[in-house]
Amino acid sequence: MIMQTNTPEQILSDGGGYIQEETNEKVLCSTAPRTFLNEETCKLSTEASACDWNDEGGKGVATVVCGSPGEIANHPLTYFDSFEIAAKDEGTESNELLEQQRDTIWTMIAVYSQDQLRQRVAWALSQIYAISPGSLADATKPTEHFLTYYDIFVRHAFGNLRDVLREVSYSPVMGEMLGYAKQYSAPYMWQSENELTFADENFAREVMQLFSIGLIRLNRDGTPQLDESGNIVETYSNLDIKSYSRAWTAMFYSETRANVEERNPRDSKNDPMRIEDGQWRDHFPKTDLSGGFLGDKYPLCVDLPQDGFLSKGSTYRLLGSKAKPDFLRDEWFSDGNADDYVVLEEHSALYQLLCNKNEVGGVCQYTNTTIALPTNLDCTGEAECNVDTLRVVRVGEMYFEYVRPACVLLAFYENAQTIRGRQGLYGSLCANPLLPDASEACCNANNLKRAFRNCIYTGERMKASTAAARCTAPDRVTCDFETVAKSSAKCKKHAQGYHWRKSSCALQVKINAEGQISLVHSPGDTDIEPNLQKEAANFFSPYWSAGVFPSSASDECGGCTTMLTGDCLCDTTMRDDAVFNMAPSSADEVLRSLFIGVNEGLFDSTQYTNVVDIDENTKAYYNSVECCDADTIFEVTEGRTRRSFLLKNIKSTVTLKGNDGRELPFSFRNPPHFISFMRSDRTIRDAQYETEAVLDSYFYHQNIGPFIGTRLCQRFGFSNPSPNFVERVTTAFETGRFAPTSGGGPSFGSGKYGDLAATIAAVLLDEESTTDYLDMDPTHGSLREPLLRYIHVLRSLEFKSFEDLNLPFIELDRLDEKIGQMAHAIPTVFSFFLPDHSPPGVVSSAGLASPEAQLLTTPKTVALMNGLYSLLKSGLTYCQYGFSTKTPGFCSDATDGEYGASSGKLEYVPPMNVDDALEELFGMLTAGRMTETNAAIIKNTVQAMASEDPDKAMRLAQQLTVSTPEFHANSIPNTVATARPISSTADTAKKPYKAVIHFMLAGGVDSYQLLVPHSGCEEKDMYEEYKKVRSSIALDQTKLEQIDVTGQVCTKFGLHNKMKFLKDLYDDKDLVFVANVGVMTKDGLTKENHRDETATRLFAHDAMQQEIKTLDPHVEFLGTSPLGRFADAITDEYAVRACAIDTNIEPLTGRISVGTPVYSVDAGGAIPYNEQASIEGMTDVVRSLNGQSEIGTGLFSEFFSEAFMGAIDQSEVLVETLENTQVTEDFPESKTGEKLKILARMIKARQSMGAERDLFYVEMGGFDTHDNVVDRLNGRFDELNGALKAFVNELKEQNVWNNVTIIETSDFGRTLSVNTKKGTDHAWGGNMFVMGGGLNGGKILGEYPRDIALGSELVIGRGRLIPTTPFDSVFKAVAEWFGVPSSKMKDVLPNLDSFTERPLLSEADLYGVSSEEEF
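Residues numbered from 1 in each chain as written. Predicted model: local features only at pLDDT ≥ 70, side-chain atom pairs only at ≥ 80, totals over all residues. Heavy atoms only, no water.

Asks: Any chance you could explain the overall build of the chain here in plain terms?
Replies: The helix and strand inventory of the chain stands at 37 helices and 44 strands. A burial count over the chain gives 61% of its 1415 residues as buried. Long-range contacts, defined as pairs at least 24 residues apart, comprise 74% of the intrachain contacts of the chain with a sequence gap of at least 6. Entry remark: accessible area of the chain is about 53000 Å², with carbon and sulfur atoms responsible for 47%. Counting 130 positive and 201 negative side-chain charges, the chain places the centres of these two groups 5 Å from one another. (Helix = DSSP H or I, 4+ residues; strand = E, 2+ residues; numbered from the N terminus. Buried < 20%, exposed > 50% of the residue type's maximum accessible area, 1.4 Å probe, protein only. Contact = heavy atoms within 4.5 Å. Areas by Shrake-Rupley, 256 points an atom, 1.4 Å probe, with all protein chains shown as cover. Lys, Arg positive; Asp, Glu negative; His and termini not counted. Charge placed at Lys NZ, Arg CZ, Asp CG, Glu CD.)

This is the structure we're talking about:
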């Protein structure tokens, strides 16, 4: 398939219409959708074959055509082995090869591209704004989806972070991964489905936590901000997430088109998402991160002038020869009816500007597709001079859409008037009479129920006063109509919007127990808009004066009406007051106090007699004798971001009124909002304005500079940048400039806030980056990323493919599985590693972070070294555990120096002299970090060989060089040439065996879909309550697997029907559920105190998982885990072994001084280290290169050497052990099945490895069910059920089931309420299970909540349960069974004394036996 170039700079002149015709429309139109990516470069096409991007124009219709970045022609016949395109119909290649293509493209660019710094920045940004293929529905086949996303970072590597944020947020793959694509708002779901839902919170959470501002409020130097009590201040709360999630609704995929790779017949995963319909966006006010509202400091729509569409800065977008607008909701538009739009008179100034006639023929050229008025224009003709606003205008044969400038509405206003749709099309609501919100409706005086139109164009909106003026004909009056007829010659069709009615309308608020409000309109009509009725629950947080609001619980609603729900219903009044009566002290005071903006394009400073400079950043404009009054305007420049604002000296306040009409002592600031409450006017335009405001709130947040700056420092080799370093990077980000302080040289950056060129320059050229002596600082530097180490060798040693074998590409095989990293294969949204990861050992002891250490496990370390050795000895091959996907010959041809089984090799030619060759090699691969000690070891090893076989000697030197810590870490080791001690396994086990398995269901399992109240309940029907709160995701009671229960709220509970094996275990008394368990710092938590009394940052995956893995909220035993401390406590009595399955070892780490062996094994088993070494005794040489360290050694080098030597030792043990250990049970061929199978093999090897006590950690992912929770849990639970069944049966075959305990945990529970994607979001308390043959099971411990209704005692927010049983309690009971003596229990679980209100679980509760009893 041939693709054509269609970039913004070189657009297909007909949008690909010719090809569409030639293929009989089998090929779609190629033109790209018109978005922020190409708006300024789109062009009008009048070619006969021109096609529209959404196929609405039809052939022969003039239309606007656009290109997209990077959409260039392909050359499918350049190579024999061409790239395949994944199309709707199956291609000729396998999924594996299609998936390989995107890896190959990245690798080729990484190795051969000349713009290496740009590519490195793009790679760094791609890890911050991570896309995980595992979270995408069709992750294996498409290539271009991933490349299009990655190109965001290539394009903007030296651009501005604001552009990155916008493109990432509109990206369809990001929208799919984090679940906000194709999401309807909660108000829309209430309006259309009558279902109470909430917006999916996933993206709203991660865009803040990971993509912009982080969890903790930072100083400019990256250090945490502390409150008065010395506690870390969090950046945002769950209320902030809830508010922002409402702004990420209505994002839908663009239509599929031709000329790009697509498989879905409708949804494009290449082009940016679009806001398809404004009514799908949540239209109510939304709080922001600064203690205000989204929309603060924007001008008010009511302040726009009468003829705003003719004012300077007003924008018109060319539509082509179709009249239907892009941004407005006007379903009645048709291209042939002149009453749908305004036909401009040819001599009008607006016509002349939009037409842009050529000088010769006087024909309209329509040169620009987007035109902003450069100055105010005079009106011409009836239409321009008599309408309050325009929508679409006709200029010659073409149409333009008027795009009103960004402005906001206030939720409360004076003299509210009723509007209503014709014949009940829309319900009644209140409207501001000063805004052009509705159409006229004029009744005959003798029939006040049937109204008629008198408009200038069908879709005309006008103010209430204009509507009244249109009803001045004899016997015509405004009225409270019931129907509206089409009557005027200019109104040939019914209006699809609202009409003004005569009656007034009351604005009320409903206030819940938390002080949140929901707007209520009372138009004196029974047919009220659903979302403005008393029954609606569109709550948001206002800013109450002094934090005081009425409550039915404390003051009987303070004089308002108490509703049956317990909410308060109050009348309101509003007023505007001047804020400053005298000049403010500073720009900061103005910015803190004023919230209503002025349109910059419409502001005329000459209208003010006094202009005063208050300070260098603040001006005041006023006409009074002295500053200031309500008419004063302030012009303010914000110091940090250098943004300028024009602000009105006004604050709008809403005061509550009691039932007796008197004002109450409760008031709040009048909240702004972008989106109209009127369904017909919830426009794409305003939803886009709101989205830009959301992005600005992230981008201009004080955290973004130090947060992103620190992340970039880490990606460029500084795991722990100093505060001074971070502050200088932050300064470069905020000022948009960086100039090195020493050595001279140019400055970098555009001078704009958020400039990445300046930021990257600061990272790379700062004195902390370039000062040589800092290399000797033990804390300086980092571990290097494993993928970059491999690419480094390919580049430095000049890899070349064997093109004569038709193998022109570098194709690497599953590096994400082998070494933990590959482009386009990031495992989760948290990227390859956590930025704050602090591995046990010297790094953790020093209080440092080492993100890359998360991948330094035994399997991945051995795999990387084998891959490097294979490349250096035999070229790119899959032989000897190499990384190639293909091999032309046989592995017998892949011996040292032979390339018959390779697709390419390293072509670097070293100097002839050995000393020169080694010096050059060390410079290329270690950047001058090679120590004299290790240089001497390498030279002595290869010296004798160099004279006999110089090529082999150099290959060996290269292998030894990449075996040094100097290659793997950006710090300098201080070691002696004495090998570290070789670890050994214990003797054969002699004491009775026990094992504990910590099984993490990663992502936050929705355990209220696992364990459901069924029947036999006290006081009320708990299943019905469950069904009500869970709404459309509630499980069918008749399909639940029933279990009998005592001591809980119900005598029967139900299990998910995909977890039948758990029922079997429960009935066999081999399983116990623990209800409402969670991470807790202390007990006695309530709605009021839970945040202050909890040390853990709630609701975040990484923080909650980390706390479960450590159970040490006050960090008494830094870098240790509960299972690791289990081992510490009993290591004097038992031979203890620990093993992490397919993950890192942190969840099993104890005190290093104790020295319990902690293994790590992949699900696929173990591979040998350097099986075909180039020389005998090579491992001994490598051990010497990673010798014992002395004082002052680089900590990252030391950590690598310790881990590397441990990996060699473990690999030898594991390979031998697992080769001789097989299982008898058939395990499912799933990831979880593979993991539990290798775990079963490790248990079977307990005797040969001398284990008397075993500790294991294993994970199963995929439980972050923000969307489609029912179907997704069906799949996850089915896989889990099958894997557990095989595992338990195998342990029974081994006769050890009674000796094993499995503790299941998960990040957190999930919200009881459903979101609009039919999923659930991050919560807190959940249900867990413990299983094992030695349990006295068949019961539920803890306390299942007796009330799970929203608003109940334990439910916070939108259905988040406060836990009542800590994880510590469960681990305590298991620790007692495992043999931990009571005298050491505080060392194992240091926070136990914080739980005094309820008895903690004991061994007897779980097992029914004393701790002395053995199996």
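From this point on, the discussion continues.
Asks: How should the side chain of Asp1264 be read in this particular structure?
Replies: For Asp1264, the location among the structural elements is in the loop between strand E38 (1253–1260) and helix H34 (1269–1293). At 3.0 Å, the side chain of Asp1264 and the side chain of His1101 are in polar contact. A polar atom in the side chain of Asp1264 sits 3.0 Å from the side chain of His1266. (Polar contact = N/O pair within 3.5 Å; in protein donor to acceptor, adjacent residues only side chain to side chain.)

Asks: What is the right way to read the side chain of Glu201 from this model?
Replies: Secondary-structure assignment places Glu201 in the loop between helix H7 (186–193) and helix H8 (202–209). Here the side chain of Glu201 touches Arg1358 through a polar contact of 3.4 Å, side chain to side chain.

Asks: It is not clear to me how unusual backbone geometry should be interpreted in this structure. Could you clarify?
Replies: Trans peptide bonds make up most of the peptide bonds, and negative phi angles are found at most residues other than glycine. Following Cys627, the chain continues to Cys628 via a peptide bond in cis, the omega torsion being 25 degrees. Following the sequence through the fold, Cys628 ends up in the loop between strand E23 (618–622) and strand E24 (633–637). Positive phi, normally seen in glycine, also occurs at Cys557, with a value near 65 degrees. By the secondary structure assignment, Cys557 is in the loop between strand E19 (517–522) and strand E20 (561–562). Among the residues examined, Cys557 registers a relative accessible area of 0% and is labelled buried. The phi dihedral of Lys1069 is positive, around 65 degrees, even though this residue is not glycine. With respect to the helices and strands, the residue Lys1069 is situated in the loop between helix H28 (1060–1067) and strand E35 (1071–1078). The partly exposed category is assigned to Lys1069, whose relative accessible area is 43%.

Asks: In this structure, what is going on with helix H15 (residues 704–715)? I would like to understand it.
Replies: Residue pairs spaced three or four apart in an α-helix point in one direction, given the helix's 3.6 residues per turn. For H15, which comprises 12 residues, the first-to-last C-alpha distance of 16 Å matches the rise-based estimate of 16 Å (1.5 Å per residue) to within 8%. Within H15, 12 of the 12 residues are buried, leaving the element largely enclosed by the surrounding structure. Listed in full, the buried residues belonging to H15 are Ile704, Gly705, Pro706, Phe707, Ile708, Gly709, Thr710, Arg711, Leu712, Cys713, Gln714 and Arg715. Taken together, the buried residues of H15 touch helix H3 (116–128), helix H5 (161–170), H8, helix H14 (684–699), helix H16 (723–735) and helix H17 (756–765). Of the residues flanking the end of H15, it is Gly717, one or two places downstream, whose phi is positive at about 100 degrees. (Expected span 1.5 Å × (residues − 1).)

Asks: Please explain the pairing of strand E27 (residues 663–669) as it appears in this structure.
Replies: Along a regular strand, successive side chains alternate from one face of the sheet to the other. With 5 of its 7 residues buried, E27 lies for the most part within the structure. Across 4 bridges, strand E26 (residues 650–657) lies against E27 in antiparallel orientation. Within the sheet, the bridge partner assigned to Thr653 lies in E27 and is Arg669. Between E26 and E27, which pair antiparallel and follow one another directly, the connecting turn spans 5 residues, one of which, Gly661, has a positive phi of 90 degrees. (Pairing = 2+ DSSP bridges.)

Asks: Explanation requested: the packing of helix H31 (residues 1178–1185) against helix H32 (residues 1195–1219) in the structure shown.
Replies: Two quantities define a packed helix pair, namely the angle between the axes and the distance from one axis to the other. Two numbers describe how H31 lies on H32: the axes approach to 10 Å, and their chain directions differ by 155 degrees. Here H31 lies roughly antiparallel to H32, going by the angle between them. Considering the relative orientation of H31 and H32, their crossing is left-handed. Contacts between H31 and H32 involve Thr1179, Val1182 and Arg1183 on the former and, on the latter, Phe1204, Met1205, Ile1208 and Asp1209. Classifying every residue of the contact of H31 with H32 by side-chain character gives 4 nonpolar, 1 polar and 2 charged. (Axes fitted to C-alpha atoms, helices over the stretch in contact; angles between N-to-C directions. Parallel < 35°, antiparallel > 145°, perpendicular 65-115°, else oblique. Left-handed = near helix turned anticlockwise from the far one by under 90°. Nonpolar A, V, L, I, M, F, W, Y, C, P; charged D, E, K, R; others polar.)

Asks: Explain the sheet that holds strand E15 (residues 476–478) here, please?
Replies: Adjacent strands of a sheet pair through backbone hydrogen bonds, lying either parallel or antiparallel. Read across the sheet, 4 strands follow the order E15-E13-E14-E16 without closing on themselves; strand pairing throughout is mixed. Looking along the sheet, the strands with just one partner apiece sit at the ends: E15 and strand E16 (483–485). Between one strand axis and the next, the sheet turns by 45 degrees as a mean value, whatever way the strands run. With 3 bridges connecting them, strand E14 (residues 447–452) and E16 associate as parallel partners. Residue pairing across strands places Phe452 opposite Ala485, the latter belonging to E16.

Asks: What exactly am I supposed to notice about the packing of helix H22 (residues 858–874) against H32 here?
Replies: Between H22 and H32, whose axes approach to 9 Å, the crossing angle comes to 95 degrees. Between H22 and H32, the angle falls in the class roughly perpendicular. Residue-level contacts link Thr858, Thr861, Val862, Met865 and Tyr869 of H22 to Phe1204, Ala1207, Gln1210 and Ser1211 of H32. A per-class count over the contact of H22 with H32 returns 5 nonpolar, 4 polar and no charged.

Asks: I'm lost on the sheet that holds strand E34 (residues 1050–1055) in this one. Help?
Replies: Taken together, 3 strands build an open sheet; the order of strands is E32-E34-E33 and the sheet is antiparallel. Looking along the sheet, the strands with just one partner apiece sit at the ends: strand E32 (1011–1017) and strand E33 (1041–1044). Adjacent strand axes in the sheet meet at a mean angle of 30 degrees when their direction is disregarded. The pairing of E33 with E34 spans 4 bridges and is antiparallel.

Asks: Sorry if this is basic, but what is going on with the nonpolar core here?
Replies: In summary, soluble globular proteins display a tendency toward joint burial of nonpolar side chains. By size, the foremost hydrophobic cluster in this structure holds 168 residues, and its most contacted members are Tyr129, Met174, Phe211 and Val793. Not counting chain neighbours up to four residues away, the residues in contact with Met174 comprise Tyr129, Ala130, Ile131, Tyr149, Val168, Gly179, Tyr180, Phe203 and Phe211. (Core = buried A, V, L, I, M, F, W, Y, C linked by side-chain atoms within 4.5 Å.)

Asks: Got a minute to help me understand a negative patch on the surface in this structure?
Replies: On the surface, Glu1171, Glu1212, Glu1216 and Glu1219 cluster together to form a negatively charged patch. One can find Glu1171 in the loop between strand E37 (1158–1161) and H31. (Patch = residues over 30% accessible without salt bridge, like charges linked within 9 Å, V, L, I, M, F, W, Y side chains within 5 Å. Salt bridge = Lys/Arg side-chain N within 4 Å of Asp/Glu carboxyl O.)

Asks: Explanation requested: the pattern of salt bridges in the structure shown.
Replies: Oppositely charged side chains can form a pair if their charged atoms are brought close together. Overall, the coordinates contain 79 salt bridges when judged by the stated rule. Between Arg575 and Asp577 there is a salt bridge whose closest N-O contact spans 2.9 Å. With a shortest N-O distance of 3.1 Å, Arg715 and Glu852 are connected by a salt bridge. Remark: Glu852 occurs in the loop between helix H21 (842–845) and H22 and Arg715 occurs in helix H15; sequence separation between them is 137 residues. Residue Arg715 is classed as buried on the basis of its relative accessible area of 8%. Because the salt bridges share partners, they merge into one network encompassing Arg34, Glu39, Arg317, Lys322, Asp326 and Glu401.

Asks: Any chance you could explain the packing of aromatic side chains here in plain terms?
Replies: Two measures describe an aromatic ring pair: the distance that separates the ring centres and the angle between the ring planes. Per the counting criterion, the structure on display carries 52 aromatic pairs. Ring centres 5.6 Å apart and planes at 40 degrees place the aromatic pair Tyr1023 and Tyr1026 in the tilted group. Note that Tyr1023 and Tyr1026 are positioned in helix H27 (residues 1022–1030) at a spacing of 3 residues, about one turn of the helix. Taking the relative accessible area as the measure of exposure, Tyr1023 reaches 5% and is therefore buried. Ring pairs connect the aromatic residues Tyr129, Tyr149, Tyr150, Phe153, Tyr180, Phe203, Phe211 and Trp248, which therefore count as one cluster. Of note, Lys269 hangs over the ring of Tyr253, and the distance from its end group to the ring centre comes to 5.1 Å. For the cation-ring pair, Arg784 lies above Phe967, with the distance from its terminal atom to the ring centre recorded as 5.1 Å. (Phe/Tyr/Trp six-rings, centres within 6.5 Å; stacked < 30°, edge-to-face > 60°. Lys NZ or Arg CZ within 6 Å of the ring centre and 35° of its normal.)

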